[in-house]
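Working through the structure, step by step
Each chain, letter by letter, is given below.
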Amino acid sequence: MRLPFEIDLTDKTVVVTGAGGVLCSGFAKALAQCKAKVSLLDINREAAGKYADEITAAGGIAKAYECDVLNRDSVERVHTDLVKDFGKCDILINGAGGNNPRATTAKEYYCEGDLDQDLVTFFDLDPKGVEFVFNLNFLGTLIPTQVFAQDMLGRKGCCIVNISSMNAYTPLTKIPAYSGAKAAVSNFTQWLAVHFSRVGIRVNAIAPGFFVTIQNEKLLFNEDGTPTPRTDKILAGTPMGRFGKSEELYGALLYLLSEEASSFVTGIVIPVDGGFSAYSGV
């Protein structure tokens, strides 16, 4: 993996939540290349452990921890362990998140008679499913920040990067809870940036456009590998005409983490979307 540029994170302790996934595991690998000590947190310890092993095999410093970002006690336990292993947290990347079928409608548009059909309409959305999605994305950002940002108080060069989404700008059809939750993450990023501005903790976010991950792969491709109609619509709305590659997020991430490059940057959300947010469809 070749980085667009490197920053020196020697002796920095980086915490990445959701690190068992495609995008956040890539973040962990990129930061390990910058000589950071990387803690990979995920509710799936095995998934995070696989990537931690890959980092250490390549000569980096990394360790995986099982962590439920919705459980304060779980996050506190992991915090205690990783401080013993690597020292206080300098950089927090809040990447845990995702959608759930219980918070997804079957169709993009409601049509007369849909209530009489065997499909999930807006009126059938499971409140518990909606609650889970909102909590995973918003509280899953808030709780780790409450725990790990305490390490940053009174120390220089500390920052937080949240992972938002293009859904935060304009909601996608079928996934109202996820879109609303990511909008909350972007808003929360701005709030945190102001709240921590007097103690030197910068807080920013990245809003990825469309990247193929384990979570969305089945929505984007049929079992035979052909694109679904949703993929056709996504690519038609993306001026660059393709999905993003995970490594195309690293430049934005490294920029936001670099004190030399972005020391006066806080409270922003950077879209990395192939032009999706700029295109009106006409």
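Below is a summary of the structure that appears in this document. Remember, it's a predicted structure, so these values are computed and weren't measured experimentally. (Residues numbered from 1 in each chain as written. Predicted model: local features only at pLDDT ≥ 70, side-chain atom pairs only at ≥ 80, totals over all residues. Heavy atoms only, no water.)

Here we take up the sheet that holds strand E7 (residues 269-272). On the basis of which strands lie adjacent, the open sheet formed by seven strands has the order E3-E2-E1-E4-E5-E6-E7 and parallel pairing. Single-partner strands in this sheet number two, and they are strand E3 (61-66) and E7. Neighbour-to-neighbour, the strand axes of the sheet open up by a mean angle of 20°, direction not taken into account. Taken strand by strand, helix H8 (residues 250-257) contacts strand E4 (91-94), strand E5 (159-163), strand E6 (202-208) and E7, and its axis lies near 175° from that of E6. (Pairing = 2+ DSSP bridges. Helix = DSSP H or I, 4+ residues; strand = E, 2+ residues; numbered from the N terminus. Axes fitted to C-alpha atoms, helices over the stretch in contact; angles between N-to-C directions. Contact = heavy atoms within 4.5 Å.)

All right, on to the packing of aromatic side chains then. Under the criterion given, the structure shown has eight aromatic pairs. The interplanar angle of 70° and the centroid separation of 5.4 Å between the aromatic rings of Phe-122 and Phe-123 together place this pair among those described as edge-to-face. Residues Phe-122 and Phe-123 agree in their burial class; the two are exposed. (Phe/Tyr/Trp six-rings, centres within 6.5 Å; stacked < 30°, edge-to-face > 60°. Buried < 20%, exposed > 50% of the residue type's maximum accessible area, 1.4 Å probe, protein only.)

Moving on, we get to the pattern of salt bridges. For the structure shown, the criterion picks out eleven salt bridges. The salt bridge involving Lys-63 is made with Asp-85; its shortest N-O contact spans 3.1 Å. Of the two residues, Lys-63 is situated in strand E3 and Asp-85 in helix H3 (residues 72-86); the sequence distance between them amounts to 22 residues. For Lys-63, a relative accessible area of 36% gives the class partly exposed. Between Glu-108 and Lys-233 there is a salt bridge, with its nearest N and O atoms 2.7 Å apart. You can see Glu-108 sitting in the loop between E4 and helix H4 (127-148) and its partner Lys-233 sitting in helix H7 (residues 229-236), a full 125 residues away along the chain. Taking the relative accessible area as the measure of exposure, Lys-233 reaches 46% and is therefore partly exposed. One network of salt bridges, with partners in common, ties together Glu-108, Arg-230 and Lys-233. (Salt bridge = Lys/Arg side-chain N within 4 Å of Asp/Glu carboxyl O.)

Attention now moves to the side chain of Ser-164. Its location among the elements puts Ser-164 in the loop between E5 and helix H5 (176-195). For Ser-164, a relative accessible area of 2% corresponds to the buried category. Separated by 2.6 Å, the side chains of Ser-164 and Ser-186 make a polar contact. Sequence-distant contacts of Ser-164, defined by excluding residues within four places in its chain, comprise Lys-182, Val-185, Ser-186, Ile-206, Ala-207, Pro-208 and Val-269. (Polar contact = N/O pair within 3.5 Å; in protein donor to acceptor, adjacent residues only side chain to side chain.)

Its 22 residues give H4 an end-to-end C-alpha distance of 30 Å, which sits within 8% of 32 Å, the value for a rise of 1.5 Å per residue. A distance of 2.9 Å separates the backbone nitrogen of Lys-128 from a side-chain oxygen at the start of H4, and that oxygen is part of Asp-126. (Expected span 1.5 Å × (residues − 1).)

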